[in-house]
Amino acid sequence: MFQQSSSLEHKKIIDDKTYLIGSAGKMLIVDSILIALDYSAQPILHLFDIKNNIYINGMGEKGQGPNEFLHPTSLIHSSTNSFLIYDLLDNTLKKIWLDSLMAGNVFYEKIMNFNSISNSFVFPTAYDNYIAFGLYESNMFKLIDQHNNDIGYFADFPVKSKEEKKIDHRNIALAYQGTLNISPDKKKIVYVSYYGTIIGIYDIQSSVINQKFLLVCDYPMYTVQNEGSGMSSPITKEGISAFRDVYVTDKYIYSLYSGNKISELRERAFEAKDIYVFDWEGNPVVHYHLDVPINNIAALPNDKKIYAISNLPDPTLIEFEIDL
């Protein structure tokens, strides 16, 4: 698909002895500050000044107290001085001001506490409502209004056969889990699968979601194991570890891809050294091959640099220069 390809070499930009990251998660660039989630340790948030190449601070604690987090899974751009965090375990969208973090304080405002515990991701849209993705009894997306009422369910996973469609949809959703990001204008959303190789782009409107682009190269390989009230769709060892992260700018979608068989590399199957860049129409732009495996990505709004965390051997912030 990709006629243009390029190899990228990483550069360490900040002394990795000045910070300690446990398990690197989603990243977001707000102005000249890069925020990185840490899934396994405290602090929850790491702040880097990527203009002056300085580690600012780590902050935020796990817990149920004031201004604490249970399990934040996504970072969402809000303004030049704020961003949103979706906390999976308490199903809440929280707003954080950058000024407070720069001053060493963690303070957030709860924007919305959603009713359903089935939401994996929630993003605000341009239409004063919310788009959610999760483990639903039908479809893959739903729209939620400002009063926490469901507007409707839309689109669905591209299952490979009629037989698979007969499986409980929640099992299908478990197998087709992935990660998402919303366009800066909040009118389009991109989904990439963790297993199999699937990428979809969807238009968001005030009361409907329409599929705009879909690429399916292979499907998740899984089994259904439901016992009692529990549900499970474990991926088989012959399955492919596909997309690990996705980051977006006004022009482009940066999808981080592994493509390794789980049976061959085990935990190393989740390392990724390829970034496939698409435009918002789904057209292939460029394939970047990296000199080191990375866990996550972020890109400057002007599409001139990519940032990532790589185990070298400790989790380290690195950058790649690009020219798009």
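None of the values given here were measured: they were computed from a predicted structure.

Engineer: Would you take a moment to explain the layout of surface pockets for this structure?
Structural biologist: By rolling a water-sized probe across the atoms, one finds the places where empty space is left. If you add up the space inside the largest pocket, you get close to 470 Å³. Taken together, 21 residues form the lining of the largest pocket, with Ala 24, Gly 25, Tyr 39, Tyr 194 and Arg 244 sitting closest to its centre. Breaking the lining of the largest pocket down by element, the ones donating at least two residues are strand 3 (24-30), strand 11 (119-124), strand 15 (178-182) and strand 19 (240-248). Among the elements that take part in the lining of the largest pocket, strand 3 stands out by supplying three residues, more than any other. Taken as a whole, the second largest pocket holds about 340 Å³ of empty space. Lining the second largest pocket are 20 residues, with Leu 28, His 77, Pro 184, Tyr 247 and Val 248 sitting closest to its centre. Those elements that provide at least two residues to the lining of the second largest pocket are strand 3, strand 7 (72-79), strand 15 and strand 19. Class assignment for the residues of the lining of the second largest pocket results in 13 nonpolar, four polar and three charged.

Engineer: What exactly am I supposed to notice about the packing of aromatic side chains here?
Structural biologist: The relative placement of two aromatic rings is captured by the distance of their centres and the angle of their planes. For the structure on display, the rule yields 21 aromatic pairs. Between Phe 2 and Phe 278 the ring centres are 5.2 Å apart and the planes differ by 75°, which places this aromatic pair in the edge-to-face class. Pair noted here: Phe 2 is in the segment before strand 1 (5-8) and Phe 278 is in strand 21 (residues 272-279), with a separation of 276 residues, a long-range link. Accessibility classification places Phe 2 together with Phe 278 in one group, the buried group. An angle of 40° between the planes, with centres 5.3 Å apart, marks the rings of Tyr 19 and Tyr 55 as tilted.

Engineer: Please explain unusual backbone geometry as it appears in this structure.
Structural biologist: Leaving glycine aside, a negative phi is the common case for residues, and trans is the common case for peptide bonds. A cis amide bond links Leu 312 with the next residue in sequence, Pro 313, at an omega value of -5°. Tracing the backbone through its elements, the reader meets Pro 313 in the loop between strand 24 (305-311) and strand 25 (315-321). The phi dihedral of Asn 91 is positive, around 55°, even though this residue is not glycine. The topology assignment puts Asn 91 in the loop between strand 8 (82-87) and strand 9 (92-97). You can call Asn 91 buried: its relative accessible area is 5%. A positive phi angle is found at Asp 128, which is not glycine, with a value near 55°. Mapped onto the fold, Asp 128 is located in the loop between strand 11 and strand 12 (130-134).

Engineer: Please explain empty space enclosed by the protein as it appears in this structure.
Structural biologist: Counting across every chain of the model gives one cavity of 30 Å³ or more. If you add up the space inside the largest cavity, you get close to 50 Å³. As for the largest cavity, its lining consists of Lys 26, Met 27, Ser 74, Leu 75, Phe 123, Leu 180, Asn 181, Asp 245, Val 246, Tyr 247 and Ile 297. Of all the elements in the fold, those that place two or more residues in the lining of the largest cavity are strand 3, strand 7, strand 15 and strand 19. When residues in the lining of the largest cavity are grouped by element, the largest group, three residues, is from strand 19. Its residues assigned to classes, the lining of the largest cavity shows seven nonpolar, two polar and two charged.

Engineer: What is the right way to read the environment of Asn 67 from this model?
Structural biologist: Within the secondary structure layout, Asn 67 lies in the loop between strand 6 (54-59) and strand 7. Residues Asn 67 and Phe 107, spaced 40 residues apart in sequence, show a C-alpha to C-alpha distance of 5.6 Å. Beyond its immediate sequence surroundings of up to four residues, Asn 67 is in contact with Val 106, Phe 107 and Tyr 108. Polar contacts involving the side chain of Asn 67 include one to the main-chain amide nitrogen of Tyr 108, which spans 2.9 Å.

Cut-offs applied
- Residues numbered from 1 in each chain as written.
- Predicted model: local features only at pLDDT ≥ 70, side-chain atom pairs only at ≥ 80, totals over all residues.
- Heavy atoms only, no water.
- 1 Å grid on protein atoms, 1.4 Å probe; cavity = no way out; pocket = protein on both sides within 12 Å on 5 of 7 lines; lining within 4 Å.
- Points joined across faces, edges and corners; volume = space filled by probe spheres on them.
- Helix = DSSP H or I, 4+ residues; strand = E, 2+ residues; numbered from the N terminus.
- Nonpolar A, V, L, I, M, F, W, Y, C, P; charged D, E, K, R; others polar.
- Phe/Tyr/Trp six-rings, centres within 6.5 Å; stacked < 30°, edge-to-face > 60°.
- Buried < 20%, exposed > 50% of the residue type's maximum accessible area, 1.4 Å probe, protein only.
- Contact = heavy atoms within 4.5 Å.
- Polar contact = N/O pair within 3.5 Å; in protein donor to acceptor, adjacent residues only side chain to side chain.

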